[in-house]
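Residue-level structural notes
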Amino acid sequence: MSEFPIEKNLKGNNSTDGKTKDEYYEDEDEEEEREGWGSKMDFIITCIGYAVGLGNVWRFPYLVYKNGGGAFLIPYMMALVLCGVPLFMMEVTMGQLLTTGGIGAWDIFPLLKGVGFAAISISAILNIYYIVIVSWAFFYLFASFQSELPWGTCTNEWNTIYCNDVSLQNETRGSGYFRATNGTLYPVELGQSPAQQYWEKRVLKISSGIDEIGSLQWELVGCLLLAWILTYACLWKGVKQTGKIMWFTALIPYGILTALLIRGLTLEGHQQGIDYYITPDWERLKTPTVWIDAATQIFFSYGIGIGSLIALGSYNPYRNNSLIDTLVVGTVNAGTSLFAGFVIFSILGFMANELGVPVSEVVSEGPGLTFIAYPTAVYQMPLVPQLWSVVFFLMLIMLGLDSQFCVVEGFVTSTMDYWPEYKLRENRSLFLLVTCIIDFLLGLVCVTEGGMYFFELMNSYGVSGMCLLWVAMWECVAVSYGLGIKTYFHAVCTMIGFSPGLFWPFCWAVTAPFVSLGIFVFALVDYQHATYGENYYYPVWGEILGWFMALASMHWIITYAVYILLTTRGSWSERWAIVTTNKFDFEAKELKERRKEERQKQKLETLVTELTEIKSSIKKPDDDQNDEIKNVHAYDNIVYKPDESGWTRVEVN
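Note on numbering: residues in each chain are counted from 1, in written sequence order. A pLDDT threshold of at least 70 governs which residues receive local features in this predicted model, and a stricter bar of 80 or more applies before side-chain atom pairs are shown or counted, although totals over entire chains, interfaces and linings include all residues. The basis for every side-chain value is the complete set of non-hydrogen atoms in the structure, without hydrogens or water.

1. Digging into the overall build of the protein
Along the backbone of the protein there are 23 helices and 6 strands. Here the protein holds 653 residues, and the buried ones make up 55% of them. Within the protein, contacts between residues separated by at least 24 positions form 80% of all contacts whose residues are at least 6 apart in sequence. Under the scheme used here, helices are H or I runs from DSSP no shorter than 4 residues and strands are E runs no shorter than 2 residues, and both carry numbers assigned from the N terminus. Exposed residues in this analysis have more than 50% of their type's maximum accessible area, buried residues have under 20%, and partly exposed residues fall in between, with area computed by a 1.4 Å probe over protein chains only. Throughout, a contact is declared for two residues whenever any of their heavy atoms are within 4.5 Å.

This is the structure we're talking about:
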């Protein structure tokens, strides 16, 4: 470690610029003053809102459904314990220790600083397409105010003859056929639920393929614009405001999910769906796809590898107990995913019973699963289904927005911290506005008639899959083998004031990087061509576009390493020494924090001394003055101090 700069320049009690040592540190603290959370619970709730989002009620059930039900839960729990929770703590403690965003933090090992640029690239792609899900939820929300929910019947203009209206199937149930609205019998395999047709033919108006982009869906454009306006409104004042908003957006959804589960368990056929959910198909564990999807869902759900956790942690107090934060968020996140799985599969069991097909054939695989199964459940709710629909889609909106808040905040914080010369932090509101406008314009491609195909490319290539595994692996390499696992773990222990246990450095150095590497290799070996649903295969140019999205982030790690080696001056050995040397001084950081704590303690002691002197200088009034002083003893913070003119009322806070 390098010697602390102030210590080198001290002569006695004065530095070379004439300031005392205390004055130097006070000036330094003022220069580096950074906004923080309103309270510790604000940070925990924000992390819960970030981690518990649409990934839990949309992506997790979708992947369980895609991978054969209960078999998916086994690799999911393994990835959770060995990778997800440990990496969550590593990123949060890194931000807290270094007090900088997701790019500058990787100066701990400059050769792999490309990890930061890769993470911010993933964040940029995620900002573009993730909020589109919120726009879909807004569309359903506005549709919920109709006298009859439009996704419950087959009599609408967008419905086809293959719409399977369960109210018409009293005589055909169990026969293998369904009766269409025109009275014709068709095999149940050809049937589609009203909710599925509403989703595909009314909301998306989906085209035949990615090469048929079609026109903008102006209703969805308006919904997307509204989602971005809300995002900006909730972020422009900083993390203190965001932390307060998260109390509402992160907690309300649990009550709504509980109500939906209770209703789902009262529907006929729910047990069939739950059995599919919890019963593992052991044969599916032999396919790499299950393991890849489980690991990437953990990274996606916890927001690992996109820089947001580092940015959120950077606003924590230096002594914050990150272990408690990690355990709380990890438990809540995993529990919410499992809980949401019971909700949606109880509904899928009901739909399978109504349509007369196995659970695995109820709906087409895809992100729209949530916008088919959940609306069906809402339609079956008692009393006023419209009210339940409004409440449910408000929940989806809140879940989506609070995750979007954190991703955008992570992107903005990382950018502001890394390029301070552009004074982006001083102009935070304007920079945030420009970011939101650009992302809105880029996201318009996802609200065209062919937008769903672009959305799925971003979801399958740009953010999920191999790029997250790639970034997570190099994060672990930079911390564990670049900086050194002993050095980093010692710094974390010193920061939080105790050792959280050897489980964490073991996971950072062994399980997380090797599991990430192993699944990454499996993904390459077992690579499958891009598809949407079961029947649509992307053209070659569409698949190439997807790979460009993935490489937009993945290339930074190698590209930046080559760049810094070539541009650093000196011999090759000198260059290597420079690009592998930690630029942060953990000892200096600790010393500075201790001095800050000492000054705060001295100020508190001084204040107590002054209050004690004030109390001791107070003279009790004579008996004849008691009549003039009313209710003095009723106020602990009011005293009367004698002076030349008599008694002066003094308020002591």
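Don't stop here, the text continues.
2. Structural notes on the environment of T609
Structurally, the position occupied by T609 is in helix α22 (residues 586–616). For T609, the side chain forms a polar contact with the main-chain oxygen of E605, separated by 2.9 Å. In the analysis that follows, any N or O atom pair within 3.5 Å is treated as a polar contact, provided that within protein one partner can donate a hydrogen and the other can accept it, and provided that, for residues neighboring in sequence, both atoms belong to side chains.

3. Quick word on helix α11 (residues 288–302)
Given 3.6 residues to a turn, an α-helix orients residues that are three or four positions apart in the same direction. Any helix carries an expected span of 1.5 Å times its number of residues minus one. Taking 1.5 Å of rise per residue, the 15 residues of α11 would be expected to cover 21 Å, and the 22 Å separating its terminal C-alpha atoms lies within 8% of that figure. Buried residues dominate α11, accounting for 13 of its 15 residues. The first or second residue beyond α11 is G303, which carries a positive phi of 70 degrees.

4. Brief notes about unusual backbone geometry
If you check the backbone angles, T99 has positive phi at about 45 degrees while not being a glycine. Position of T99 among the secondary structure elements: in the loop between α5 (73–98) and α6 (114–143). The backbone of K423 shows a phi angle near 55 degrees, a positive value even though the residue is not glycine. Mapped onto the elements of the fold, K423 is located in the loop between α15 (385–418) and α16 (428–443).

5. Focus on the packing of aromatic side chains
Any pair of aromatic rings gets described here by the distance separating the centres and the angle formed by the planes. Aromatic pairs are defined between Phe, Tyr and Trp rings, using the six-membered ring for Trp, whenever the two ring centres lie within 6.5 Å; interplanar angles under 30 degrees are classed as stacked, those over 60 as edge-to-face, and all others as tilted. The tally for this structure, following the rule as stated, stands at 39 aromatic pairs. Ring centres of W151 and F393 lie 5.9 Å apart, and the angle between their planes is 75 degrees; this geometry places the pair in the edge-to-face category. Here F393 lies in helix α15 and W151 lies in the loop between α6 and β1 (177–179), a separation of 242 residues in the sequence. For F393, a relative accessible area of 0% corresponds to the buried category.

6. Details of the confidence of the model for the protein
Residue-level confidence of the predictor is summarised by pLDDT, bounded by 0 at the bottom and 100 at the top. Overall, the prediction assigns the protein a mean pLDDT of 81, with 83% of residues at 70 or greater. Counting interchain partners and residues more than four positions distant, the pLDDT-below-50 stretch residues 1–32 has 42 contacts.

7. Observations concerning α22
Between its terminal C-alpha atoms α22 stretches 45 Å, which fits the 45 Å expected from 31 residues at 1.5 Å a residue. Among all positions in α22, only F586, A588, E590, K592, E593, R595 and R599 are buried.

8. Comments concerning the state of the cysteines
In this description, the term disulfide denotes a pair of cysteine sulfurs within 2.5 Å. For the structure on display, the rule yields 1 disulfide. C154 shares a disulfide with C163; S-S distance 2.0 Å. Judged by the sign of its S-S torsion, about -70 degrees, the cystine formed by C154 and C163 is left-handed. Each of the two residues, C154 as well as C163, counts as buried. Note on C476: no disulfide assigned, nearest cysteine sulfur contributed by C83 at a separation of 7.5 Å. Look at C476 and you get buried, because its relative accessible area is 0%.

9. Considerations on the packing of helix α18 (residues 466–496) against helix α20 (residues 540–567)
Axis lines are fitted through C-alpha atoms, for helices just across the contact stretch, and the angle between N-to-C directions can take any value from 0 to 180 degrees. α20 packs onto α18 with a crossing angle of 10 degrees between their chain directions and a minimal axis gap of 9 Å. With respect to α20, the axis of α18 lies roughly parallel. Residues M466, C467, W470, V471 and W474 of α18 form the contact with α20, whose own contacting residues are W547, A550, S553, M554, I557 and I558. Angle categories are assigned with fixed cut-offs, so that under 35 degrees is roughly parallel, over 145 is roughly antiparallel, 65 to 115 is roughly perpendicular, and the rest are oblique.

10. Considerations on the packing of α6 against α20
Packing of α6 against α20 brings their axes to within 7 Å, and their N-to-C directions diverge by 165 degrees. When the axis of α6 is compared with that of α20, the two are roughly antiparallel. In terms of crossing hand, the pair formed by α6 and α20 is right-handed. Residue-level inspection shows G114, V115, F117, A118, S121, I122 and I125 of α6 in contact with α20, the latter providing M549, A552, S553, W556, I557 and Y560. Each residue is assigned to one of three groups, with Ala, Val, Leu, Ile, Met, Phe, Trp, Tyr, Cys and Pro labelled nonpolar, Asp, Glu, Lys and Arg labelled charged, and all others, Gly among them, labelled polar. Classifying every residue of the contact of α6 with α20 by side-chain character gives 10 nonpolar, 3 polar and no charged. Each crossing is labelled by how the near helix is turned from the far one, with a counterclockwise turn of less than a right angle marking it left-handed and a clockwise turn marking it right-handed.

11. Focus: the environment of S301
Looking at the secondary structure, you find S301 in helix α11. Judged by relative accessible area, S301 falls into the buried class, the value being 4%. Taking C-alpha positions, S301 is 7.9 Å from N333, a pair spaced 32 residues apart along the chain.

12. Here we look at a nonpolar patch on the surface
Residues enter patches when their relative accessible area tops 30% and they take part in no salt bridge; the joining distance is 9 Å for like charges and 5 Å for the nonpolar side chains Val, Leu, Ile, Met, Phe, Trp and Tyr. Surface accessibility follows the Shrake-Rupley procedure with a 1.4 Å probe radius. Residue values consider only the protein chains on display as shielding. What makes a salt bridge here is a side-chain nitrogen of Lys or Arg within 4 Å of a carboxyl oxygen of Asp or Glu, nothing more. Residues L430, L433, V434, I437, I438, L441 and L442 make up a contiguous nonpolar surface patch of about 610 Å² in total accessible area. Mapped onto the secondary structure, L433 falls in helix α16.

13. Describing the pattern of salt bridges
One side chain can pair with another of opposite charge once the charged atoms of both are near each other. The final tally for this structure, using the stated rule, is 7 salt bridges. Salt-bridge contacts for R319 lead to E590; the nearest nitrogen and oxygen are separated by 2.7 Å. Taken as a pair, R319 in the loop between α12 (308–313) and α13 (322–355) and E590 in helix α22 lie far apart in primary sequence, 271 residues in all. Given the relative accessible area of 28%, R319 is considered partly exposed. The exposure class assigned to E590 is buried, which follows from its relative accessible area of 7%. What emerges from the salt-bridge pattern is a single network uniting R319, E590, R594 and E597.

14. A word on the nonpolar core
By nonpolar core is meant a set of buried Ala, Val, Leu, Ile, Met, Phe, Trp, Tyr and Cys residues that side-chain atoms within 4.5 Å join together. Formed by 184 residues in total, the largest nonpolar core has its most connected members in W136 and Y374. Per-element accounting of this core gives the leading share, 21 residues, to α6. Residue contacts for W136: discarding those within four places in its chain leaves W199, L204, L220, F371, M452 and F455.

15. Some remarks on the environment of A550
The topology assignment puts A550 in helix α20. Overall, the relative accessible area of 4% leaves A550 in the buried class. Between the C-alpha atom of A550 and that of M466, which follows or precedes it by 84 residues, the distance is 7.8 Å. Contacts of A550, omitting those with residues within four sequence positions, involve Y461, G462 and C467.

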